[in-house]
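# Residue-level structural notes
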There are 4 protein chains.
Amino acid sequence: MTVKIILAGPRGKMGSEAIKMIHNEQKFQLVACIDKKNNTKADFNHLEETPIYYDAEQCFSEVSADVYIDLTIPEIGFPNTKLALKHNLRAVVGTSGFTEENIQELTRIANENATGCIIAPNFALGAVLMMLFSKMAATYFPDVEIIEKHHDNKLDAPSGTATKTVEMIQQTRESKQQGHPDEYEILPGARGAQNDGIRIHSMRLPGLVAHQEVIFGGQSQLLTIKHDSFNRESFMDGLKLAVNEVLELETLIYGLENVMDIN
Amino acid sequence: MTVKIILAGPRGKMGSEAIKMIHNEQKFQLVACIDKKNNTKADFNHLEETPIYYDAEQCFSEVSADVYIDLTIPEIGFPNTKLALKHNLRAVVGTSGFTEENIQELTRIANENATGCIIAPNFALGAVLMMLFSKMAATYFPDVEIIEKHHDNKLDAPSGTATKTVEMIQQTRESKQQGHPDEYEILPGARGAQNDGIRIHSMRLPGLVAHQEVIFGGQSQLLTIKHDSFNRESFMDGLKLAVNEVLELETLIYGLENVMDIN
Amino acid sequence: MTVKIILAGPRGKMGSEAIKMIHNEQKFQLVACIDKKNNTKADFNHLEETPIYYDAEQCFSEVSADVYIDLTIPEIGFPNTKLALKHNLRAVVGTSGFTEENIQELTRIANENATGCIIAPNFALGAVLMMLFSKMAATYFPDVEIIEKHHDNKLDAPSGTATKTVEMIQQTRESKQQGHPDEYEILPGARGAQNDGIRIHSMRLPGLVAHQEVIFGGQSQLLTIKHDSFNRESFMDGLKLAVNEVLELETLIYGLENVMDIN
Amino acid sequence: MTVKIILAGPRGKMGSEAIKMIHNEQKFQLVACIDKKNNTKADFNHLEETPIYYDAEQCFSEVSADVYIDLTIPEIGFPNTKLALKHNLRAVVGTSGFTEENIQELTRIANENATGCIIAPNFALGAVLMMLFSKMAATYFPDVEIIEKHHDNKLDAPSGTATKTVEMIQQTRESKQQGHPDEYEILPGARGAQNDGIRIHSMRLPGLVAHQEVIFGGQSQLLTIKHDSFNRESFMDGLKLAVNEVLELETLIYGLENVMDIN
């Protein structure tokens, strides 16, 4: 069976990688793109043979497809994904920044149309597993710190993945203060940021790409879960998985970890 | 509620740590020990107040208890554990080397008596989680290598934990050859040992204690799960967990991972 | 040749390790101890055969020795070391907290008596090398961050070793701001402490002992220098080295790195 | 002052990076290239404005320059470097595979012409420092193992850098057997390759790039020196350094470590 795919956001960095991935995957076929800057034809990313639409409604009406992939921005991605689901197109959304209300509305539409939808803020399977394992480990190891390391072009600290990891850990970890109650900083900031007692340290250096370690401390033992990502290619295995999994779904699932087969 | 415990093997290294743990845990009470070298009383490990039995049958008949902990050798541990289960004493067995037949027989007796039993070859919760997470990750990352590091007094390589990790990974990993098909060793052994295509590397140095890293490689990403154990104290959280969990069981469970609450 | 040693501070943790080290080293001989709580004889640390002195002057007058090891506190160690040098006893001082003036005065006395003295705030050879290599690397890699990890009983952050490492790096590193000029913290402290633009992160968890990583970032490359110390035994190789090296000296040297043969 | 550079090997991967580096460095100027496949002009790597020569002799006669960079193969690089030195052009050679005789002859010519030459098999400053520090550390930590990790397209194991690291360590390490004398492998290869008692482990996984750790074990302590290289850009800082250093030389130096300012 061939999976026919419409892709929105073909000019972005994620979009470019997605096009390569679709071309390399025998059972996938790119049947159209949606791009606000192009119409009919495009001369980038080897898309010369692929119809390009400016208008999503027209695209979904004219082109027969199985899956809609959205790699845009919330202002475009939200209305487009709604349209796709109404056209009974299964949707895989990598766009980040959807609100709680956006997700609730898309869930309602997916259910009404019995059409699968996967929204995933992170497609790197290794990062998703790192967060999932961290949540599992925190039941038994409530003392945990995170160190995330990125290139020195990154402006914000801590990273979104570190923040998301803390949220997942909080689902199982008994709330507690960590470190010695009388500890003190000789230099302010030495002990890092904290969220619910969990310390987060952000390193920024040239040469680093995107790395995170979650370190759990117990009695005379340490458990460390670490992810290294070297470029956007690392998202493609997860995107491929989402496309395959969404074909089996009739509802909306948020977070790649919830379609992964962990046992 | 107080959990009354009979311990076999109080003189060994694990036994000494277990006695400390039981003393430190408010709800646990050491009511007797079984030791082939002592009877009635012992003057080691602060056991002056604890009755010591040479004979297990006599101990189980005379002493009222909830849990029997076996930290001995198979020749002693197997018959003793059978006796304990027949006396409706729940059993936690840390003795390694039980045969498949031993385990089957103990399972039968546990079921007949509706008495819980946990046999765990490894009580370090972090090591158990490392193996469990490795099994989970291998579904998505079939390319994996293991490096284990121990002090240079260790004679055998690879370690039992490395071998057990490979077995657990094999439960989910699609069998495959790893590395380049044309790879070659300039110095023999450089690529390590292999089991089902999974490479295992054993480092031995003074200063090392007991460490293992399981490294999964994917497209432009790495996922690493690492455990460091610094001494036998690291087994005590797992032993405590097993004592608590066995109270709820009416059958035999092999492997601590199968009583852990992972979700 | 046998090296006859007088040790001050035999009851402390470092002192106990030092006694073991001296006993294990064939060419070393413990000829006396100085201890403010004992006189003549002691019944701890297998010192039954070793004369113990309350008074340093008396000890140095009565006992013939080659090296005086001071593992006490500055209030005791400073006057005792002065006395030792005046008695032409070579001195190895592991006591921390000597002032700049203390060191200048001891240097003067060592030179006057042409008697060697080594003062070393850190006897762990691996830690000394880590700091030395960090100083060397910083000439070529001025972008550097430090992460130090200790057990959660440690009160102060960052560690003394981290602070000392920064000082050594400053000897070769061109002063510069690191990270993106527009970087910002979403959670305060995420980017750690800073000293001269060098970020320092302090992790505190049960299970950790004493660890430090110095990470240098360059164009598409990282250089990491890491030290792990598991207990006070790790100081003994350095103490042994200092005793051997001080025999050749006729002046005072501060810092073990300055007697190490690095080339 | 502007440093005028002639580059041989502009089409290779290293050559492409070198051209970028020269363009980005204000005081460097690319005045000509030597390329066996092109003459006069080239339309790759933004070389449209740079004269290209097929013949080295003609190039050196017609073009005034300060430094000749050779990034070719030994069959081309050796005669070209000889010619360059005879033309009093200082030479920086990154070509690997020169024989001992090649190097001796080039040394003689460099000395005769009082013209500097640097031959460096590895331009990654971090890797050079890792090897240098390993040599230094081995004096005090003779127990050492190496683990090198590369992508699974690499055919040979262990890597050239690992082999070179062992050679440098051997300059200071007392020859000794490592590990327990009675150690044994349950699975052959577990303990890795060995050279002079030093164990080397080679990991090959997708997602890895080029990494090496040198781990020294001592009494209750570990010292680790690690280098990660993410692409050929990591060689450019070292090439730039060599160009600057060769301007001050009147002889041949082999190995970047011998022009680095380490103190």
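The rules we used
- Residues numbered from 1 in each chain as written.
- Chains lettered and ligands numbered in written order.
- Predicted model: local features only at pLDDT ≥ 70, side-chain atom pairs only at ≥ 80, totals over all residues.
- Helix = DSSP H or I, 4+ residues; strand = E, 2+ residues; numbered from the N terminus.
- Buried ≥ 20, exposed ≤ 12 C-beta atoms within 10 Å, placed from the backbone.
- Contact = placed C-beta atoms within 7 Å.
- Nonpolar A, V, L, I, M, F, W, Y, C, P; charged D, E, K, R; others polar.
- Axes fitted to C-alpha atoms, helices over the stretch in contact; angles between N-to-C directions.
- Left-handed = near helix turned anticlockwise from the far one by under 90°.
- Pairing = 2+ DSSP bridges.
- Right-handed = clockwise from strand over helix to strand, strands pointing away.
- Arc of directions from axis to C-beta.
- Least-squares fit on C-alpha atoms with pLDDT ≥ 70 in both.
- Domains from an automatic or database assignment.
- Expected span 1.5 Å × (residues − 1).
- pLDDT = per-residue confidence, 0-100.

The helix and strand inventory of chain A stands at seven helices and 14 strands. Judged by the C-alpha coordinates and their principal axes, chain A covers about 65 × 40 × 30 Å. Counting across all 263 residues of chain A, residues that qualify as buried make up 51%. Contacts in chain A between residues at least 24 apart in sequence constitute 70% of all its contacts with a sequence separation of at least 6.

Now for the interface of chain D and chain C. Listed per partner, the contact involves 30 residues of chain D and 30 residues of chain C. Looking at the side of chain D that touches chain C, the elements with two or more residues in it are α5 (125-138), β13 (221-229) and α7 (236-246) of chain D. The greatest single-element share of the side of chain D that touches chain C, amounting to nine residues, is contributed by β13 of chain D. Here the side of chain D that touches chain C is built from residues that sort into 14 nonpolar, eleven polar and five charged.

Residue and element names in this part refer to chain A. Between helix α1 (residues 13-24) and helix α7 (residues 236-246), the least distance of the axes is 10 Å, while the angle of their chain directions is 65 degrees. You can see that α1 and α7 cross each other, and the crossing is right-handed. Contact residues: Glu 17, Ala 18 and Met 21 in α1; Met 236, Leu 239 and Lys 240 in α7.

Attention now goes to the interface of chain C and chain A. Listed as interface residues are 43 residues of chain C and, on the opposing side, 43 residues of chain A. Looking at the side of chain C that touches chain A, the elements that each hand over two or more residues are β7 (144-150), β8 (156-157), β9 (184-185), β10 (193-195), β11 (198-204), β12 (210-218) and β13 (221-229) of chain C. Looking at which element gives the most residues to the side of chain C that touches chain A, the answer is β11 of chain C, with six residues. When its residues are assigned to classes, the side of chain C that touches chain A shows 17 nonpolar, 15 polar and eleven charged.

Here we come to the pairing of strand β4 (residues 67-70) of chain D. Within a regular strand, side chains alternate between the sheet's two faces. Residue and element names in this part refer to chain D. Of the two faces of β4, the one lined by Val 67 and Ile 69 and the one lined by Tyr 68 and Asp 70 are each fully buried. In the sheet, strand β1 (residues 3-8) pairs with β4 via four bridges, with the strands oriented parallel. Looking at the pairing, Ile 6 lines up with Tyr 68 of β4. Looking at chain direction, β4 and strand β5 (residues 90-93) are connected through four bridges and run parallel. Each residue of the ladder has a partner; that of Asp 70, found in β5, is Val 93. In terms of handedness, the path from β4 via helix α3 (residues 74-86) over to β5 forms a crossover that is right-handed.

Let's shift gears to the environment of Thr 224 of chain C. With respect to the secondary-structure elements, Thr 224 of chain C resides in strand β13. It is 9.7 Å that separates the C-alpha atoms of Thr 224 of chain C and Ile 146 of chain C, two residues lying 78 residues apart in sequence. Thr 224 of chain C has contacts with Glu 213 and Ile 215 of chain C together with Lys 226 of chain D, leaving out every residue within four places of it along the chain.

Within the span of helix α6 (residues 160-170) of chain C, buried status applies to Thr 161, Ala 162, Thr 165, Val 166, Met 168 and Ile 169 of chain C. One side of α6 of chain C holds all its buried residues, which, seen down the axis, span an arc of 165 degrees.

Residues and elements named next belong to chain A. Counting through the fold element by element, Gln 221 comes out in strand β13 (residues 221-229). Judged by the 26 C-beta atoms lying within 10 Å of it, Gln 221 falls in the buried class. Sequence separation of Gln 221 and Gly 15 is 206 residues, and the distance between their C-alpha atoms is 43 Å.

The ten strands are arranged β10(A)-β11(A)-β7(A)-β12(A)-β13(A)-β13(B)-β12(B)-β7(B)-β11(B)-β10(B) in an open sheet whose pairing can be described as mixed. Taken across any chain shown, the strands that pair with only one partner, and hence form the sheet edges, are β10 (193-195) of chain A together with β10 (193-195) of chain B. For this sheet, the mean inter-axis angle between neighbouring strands, taken without regard to orientation, is 20 degrees. For strand β7 (residues 144-150) of chain B and strand β11 (residues 198-204) of chain B, the ladder comprises six bridges, and the chain directions are parallel. Looking at β11 of chain B, one finds that Ile 147 of chain B is bridged to His 201 of chain B.

What follows deals with the sheet that holds strand β2 (residues 28-34) of chain A. All names here are of chain A. Pairing in this open sheet of seven strands is parallel, and the strands run β3-β2-β1-β4-β5-β6-β14 from one edge to the other. Of all strands in the sheet, those bounded by a partner on one side alone are β3 (52-53) and β14 (252-254). On the sheet, helix α3 (residues 74-86) packs against β1 (3-8), β2, β4 (67-70), β5 (90-93) and β6 (117-119) and is oriented at approximately 160 degrees with respect to β5. Sheet strands in contact with helix α4 (residues 100-113) are β6 and β14, and its direction is about 150 degrees off that of β14.

With an RMSD of 0.1 Å, chain D superimposes on chain C once it is rotated by 180 degrees and translated 0.0 Å along the axis. With respect to symmetry, the two chain copies, as superposed, fit the operation of a two-fold axis. Across chain D, the smallest distance between a C-alpha and the rotation axis is recorded for Ile 225 of chain D, namely 2.4 Å. In this assembly the copies share their binding face: 100% of the residues contributing to the interface of chain D also contribute to that of chain C.

This next bit is on the relation of the copies chain C and chain A. Superposing chain C onto chain A takes a rotation of 180 degrees plus a shift of 0.0 Å along the axis, which leaves an RMSD of 0.1 Å. Interface overlap between copies: 100% of the residues of chain C at the interface are likewise at the interface in chain A, consistent with a symmetric, same-surface contact.

Residues and elements named next belong to chain A. Segmenting chain A into domains produces domain 1 (3-119 + 233-258) and domain 2 (125-230). Between domain 1 and domain 2, the C-alpha centre-to-centre distance is 32 Å. With six residues of domain 1 at the interface, the matching set in domain 2 holds six residues. Looking at side-chain class alone, the side of domain 1 that touches domain 2 contains two nonpolar, two polar and two charged residues.

Residues and elements named next belong to chain A. Mapped onto the fold, Phe 60 is located in helix α2 (residues 56-62). Distance from Phe 60 to Ala 84, taken between C-alpha atoms, is 6.8 Å for residues 24 residues apart in sequence. Every residue in contact with Phe 60, bar those within four places of it in the chain, is listed here: Leu 83, Ala 84, His 87 and Leu 89.

Let us now look at α3 of chain D. Residues and elements named next belong to chain D. Here α3 spans 18 Å end to end across 13 residues, near enough to the 18 Å set by a 1.5 Å rise per residue. All of the buried residues along α3 are Gly 77, Phe 78, Asn 80, Thr 81, Ala 84 and Leu 85. Once α3 ends, the next one or two residues include Asn 88, with phi positive near 60 degrees.

On to unusual backbone geometry. Put simply, Ala 157 of chain B and Pro 158 of chain B share a cis peptide bond, and its omega is 0 degrees. With respect to the secondary-structure elements, Pro 158 of chain B resides in the loop between β8 (156-157) and α6 (160-170). If you check the backbone angles, Asp 196 of chain A has positive phi at about 60 degrees while not being a glycine. Topologically, Asp 196 of chain A is positioned in the loop between β10 and β11 (198-204). A positive phi angle, near 60 degrees, is found at Ser 220 of chain D, a position not held by glycine. Looking at the element boundaries, Ser 220 of chain D is found in the loop between β12 (210-218) and β13.

So, about the pairing of strand β1 (residues 3-8) of chain C. All names here are of chain C. Note: β1 against strand β2 (residues 28-34), six bridges, orientation parallel. Note on β2: the bridge partner recorded for Ile 5 is Leu 30. Regarding the hand of the β-α-β motif, the stretch spanning β1, helix α1 (residues 13-24) and β2 is right-handed.

For the rest of this paragraph, the subject is the confidence of the model for chain A. Predicted confidence across chain A gives a mean pLDDT of 94, with 97% of residues reaching 70 or more. Under the prediction, the complex receives an ipTM of 0.91, its pTM being 0.93.

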